Amino acid sequence: MENTIKLELTKEWDKTFPKSEKVNYRKVTFPNRYGITLAADLYEPKGVEKKLAAIAVCGPFGAVKEQAAGLYAQTMAERGFLTMAFDPSFTGESGGTPRYMASPDINTEDFQAAVDFLSVQENVDPDRIGIIGICGWGGLALNVAALDTRIKATVASTMYDMSRVNANGYFDADNSADARYAKKEAMNAQRLVDYKNGSYALGGGVVDSLPKDAPFFVADYHDYYKTDRGYHKRSLNSNGGWNVIGCMSFMNQPILQYSNEIRGAVLIMHGEKAHSCYFSRDAYAAMVKDNPYVDNKELLIIPDAVHTDLYDGGGKDAIPFDKLEQFFSKNMR
C-alpha cells in the first residue's frame, strides 16, 4: 500500500527464545487503516509448498513480538501453520506517534490489519485464518473475533479484560463511581501537565527492585519481565511502561460488549493459580450466554499454572501447544 512507511527493523535475532531450525523467519511490515505501519516477524514451516492456514499473534499487553508472541508464533509454525507475531501501534518496532499509547479501537484494528496482510500472501489460504491474543491482547482478540467474520478460530491465553481492569482496578477493588471519578480526575490533570511539558510522562513498567511485601502478581511479572527469562529492551513492561494516560480510553469502552455474538471457534485458556483467572472465567460465561454458537467454544483451565506460565511455559511446559494445534487444525479446515 502507498501509505506504508519504511521502518528501521532489527536485523539480528534478538528474541527471548532460541531460533528454530524447522521454520523460515523474516521481517515484514504492513499498514493498518489509520496509516500506521506495523512491524512483524513472519514464521513459515520449511519444505511446505501448499497453501497454509495462518495465525496472527500479539501480546502480552506492554510486551513486544520478541517475547511471548514470538514464541507462540514460532512454535505454531513448527506445527505447520504460517504465523506472524506483530508489535501493536505505538510500541516496539511498529510506527505511530506519540509512543506508548493504547487504544481499544486502534489496537483492534491492528489485529484486523494483520488478517488483511495474511489473507493476500501467496502461500496462505484466506479462508483459514486464526488469531492468538495473550494477556491484554486476549481480551482484544475476543473483541476482534466479534467484529471480523474472516477469523475462523481465536485463542485468548491468560487474558486480561483491559476495559475492566482499567475501570475497576485489580480484582474489581475500585469498582465504584467515586473510585472511577478519582482515577479520571487524576488522569485529566496529568493531561494538562503533559500538554504544558510537550511530552508524555511514563507510568513505569514492572518494578526494578521487588519489595519483600510485593503482591504475588507483581512478583510473577517481575520474574518474567525483569530477569533473563523475559526481559527485552523494547518491552514497555520491562522498562518505562505505558504513558500515564496511555490506557485512559479503555475505562469507558467495554471491549467484550458483543462477545456472545461470536460465531467462530474460541478457546480461552488460563492458569488455575493465575491472579487473573477471573477474567477468563467471566469472559467465557459472558461469551456463551444466549449465544446460539456454543459448540465451538471452550474454557481450558490449566492446573497449577500462574499468569506468566502461559507466556513462555514457566519452565514446566505449561502452554498446551498440542491442544492449540488440535484446536486450529479442527476449526480452520
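All values reported here derive from a predicted model rather than from experimental measurement.

**Student:** Got a minute to help me understand the overall build of the chain in this structure?
**Tutor:** On a plain count of helices and strands, the chain comes out with 9 helices and 8 strands. In terms of principal-axis extent, the alpha carbons of the chain reach across some 55 × 45 × 40 Å. Of all 333 residues assigned to the chain, the portion counted as buried reaches 55%. In the chain, the share of contacts with a sequence separation of at least 24, taken over all contacts with a separation of at least 6, comes to 73%. On the chain, roughly 14,900 Å² of surface is accessible, and the fraction owed to carbon and sulfur atoms is 49%.

**Student:** I'm lost on the nonpolar core in this one. Help?
**Tutor:** Nonpolar side chains in soluble globular proteins generally cluster together in the buried interior. Judged by nonpolar contacts, the single largest core of 96 residues is most densely connected at Tyr-72, Phe-86 and Phe-328. Apart from the residues within four sequence positions on either side, Phe-86 is in contact with Phe-30, Leu-38, Ala-39, Ala-40, Ala-56, Val-57, Cys-58, Lys-65, Asp-110, Phe-111, Ala-114 and Trp-137.

**Student:** I'm lost on the sheet that holds strand β1 (residues 23–31) in this one. Help?
**Tutor:** Strand pairing in a sheet is mediated by backbone hydrogen bonds. Such pairs are either parallel or antiparallel. Spatial ordering of the open sheet is given by β1-β2-β4-β3-β5-β6-β7-β8, a layout of 8 strands whose pairing is mixed. Looking at strand neighbours, the two that pair on one side only are β1 and β8 (297–302), the edges of this open sheet. Each adjacent strand pair in this sheet contributes to an overall mean axis angle of 20 degrees, direction not counted. Here strand β6 (residues 151–157) pairs with strand β7 (residues 265–271) via 5 bridges, running parallel. Within β7, the residue paired with Ala-156 across the bridge is Ile-268.

**Student:** Hey, could you run me through the pattern of salt bridges in this one?
**Tutor:** Pairing between side chains becomes possible if they bear opposite charge and their charged atoms approach one another. Under the criterion given, the structure shown has 26 salt bridges. Residue Asp-87 is joined to Lys-65 by a salt bridge in which the shortest nitrogen-to-oxygen separation is 2.7 Å. Taken together, the residues Asp-87 in the loop between β4 (82–86) and α2 (104–119) and Lys-65 in the loop between β3 (52–58) and α1 (68–78) connect sequence positions 22 residues apart. Of the two residues, Asp-87 and Lys-65, both sit in the buried class. Here Arg-79 and Asp-322 are joined by a salt bridge, their closest N and O atoms 2.8 Å apart. Of this pair, Arg-79 sits in the loop between α1 and β4 while Asp-322 sits in helix α9 (residues 321–331); the two residues are 243 residues apart in sequence, bridging distant segments of the chain. Classification of Arg-79 as partly exposed rests on a relative accessible area of 28%. Members of the salt-bridge network, linked through shared partners, are Asp-14, Lys-15, Lys-27, Asp-41, Lys-65, Glu-66, Asp-87, Glu-93 and Arg-234.

**Student:** Explain unusual backbone geometry to me, please; I cannot follow it from the model alone.
**Tutor:** What you tend to see is this: most non-glycine residues have negative phi, and most peptide bonds are trans. A cis amide bond links Gly-59 to the next residue, Pro-60, at an omega of -5 degrees. For the peptide bond that leads from Thr-97 to Pro-98, omega is 0 degrees, which places it in the cis range. The residue Cys-135 is not glycine, and still its phi comes out positive at about 60 degrees. On the secondary structure map, Cys-135 appears in the loop between β5 (124–134) and α3 (136–147). Taking the relative accessible area as the measure of exposure, Cys-135 reaches 4% and is therefore buried. Of note, Asp-290 is a non-glycine position whose phi angle comes to about 60 degrees, a positive value. Residue position: Asp-290 is located in the loop between α7 (277–288) and β8. A residue is classified by how much of its surface remains accessible, and Asp-290, at 67% relative accessible area, is exposed.

**Student:** How should I be thinking about the state of the cysteines in this particular structure?
**Tutor:** Think of a disulfide as a covalent bridge from one cysteine sulfur atom to another cysteine sulfur atom. Applying the stated criterion across every chain, the model contains 0 disulfides. Not engaged in a disulfide, the cysteine Cys-135 finds its nearest cysteine sulfur in Cys-58; these two sulfurs lie 11 Å apart.

**Student:** Any chance you could explain the pairing of β4 here in plain terms?
**Tutor:** Along any regular strand, the residues point their side chains to alternate faces of the sheet. Most of β4 is tucked away: 5 of the 5 residues are buried. Burial along β4 is two-sided: Leu-82, Met-84 and Phe-86 and Thr-83 and Ala-85, pointing in opposite directions, are all buried. Inspection of the sheet shows strand β2 (residues 37–45) paired to β4 by 4 bridges, in the antiparallel sense. Residue pairing in the sheet places Tyr-43 in a bridge with Thr-83 of β4. Direction of pairing for β3 relative to β4: parallel, over a ladder of 4 bridges. Opposite Ile-55, over in β4, you have Thr-83 as the bridge partner. Each parallel crossover has a hand, and the one from β3 via α1 to β4 is right-handed.

Here is what the cut-offs are and how they apply
Residues numbered from 1 in each chain as written. Predicted model: local features only at pLDDT ≥ 70, side-chain atom pairs only at ≥ 80, totals over all residues. Heavy atoms only, no water. Helix = DSSP H or I, 4+ residues; strand = E, 2+ residues; numbered from the N terminus. Buried < 20%, exposed > 50% of the residue type's maximum accessible area, 1.4 Å probe, protein only. Contact = heavy atoms within 4.5 Å. Areas by Shrake-Rupley, 256 points an atom, 1.4 Å probe, with all protein chains shown as cover. Core = buried A, V, L, I, M, F, W, Y, C linked by side-chain atoms within 4.5 Å. Pairing = 2+ DSSP bridges. Axes fitted to C-alpha atoms, helices over the stretch in contact; angles between N-to-C directions. Salt bridge = Lys/Arg side-chain N within 4 Å of Asp/Glu carboxyl O. Disulfide = S-S within 2.5 Å. Right-handed = clockwise from strand over helix to strand, strands pointing away.

Keep in mind these numbers describe shape, not what the thing actually does.
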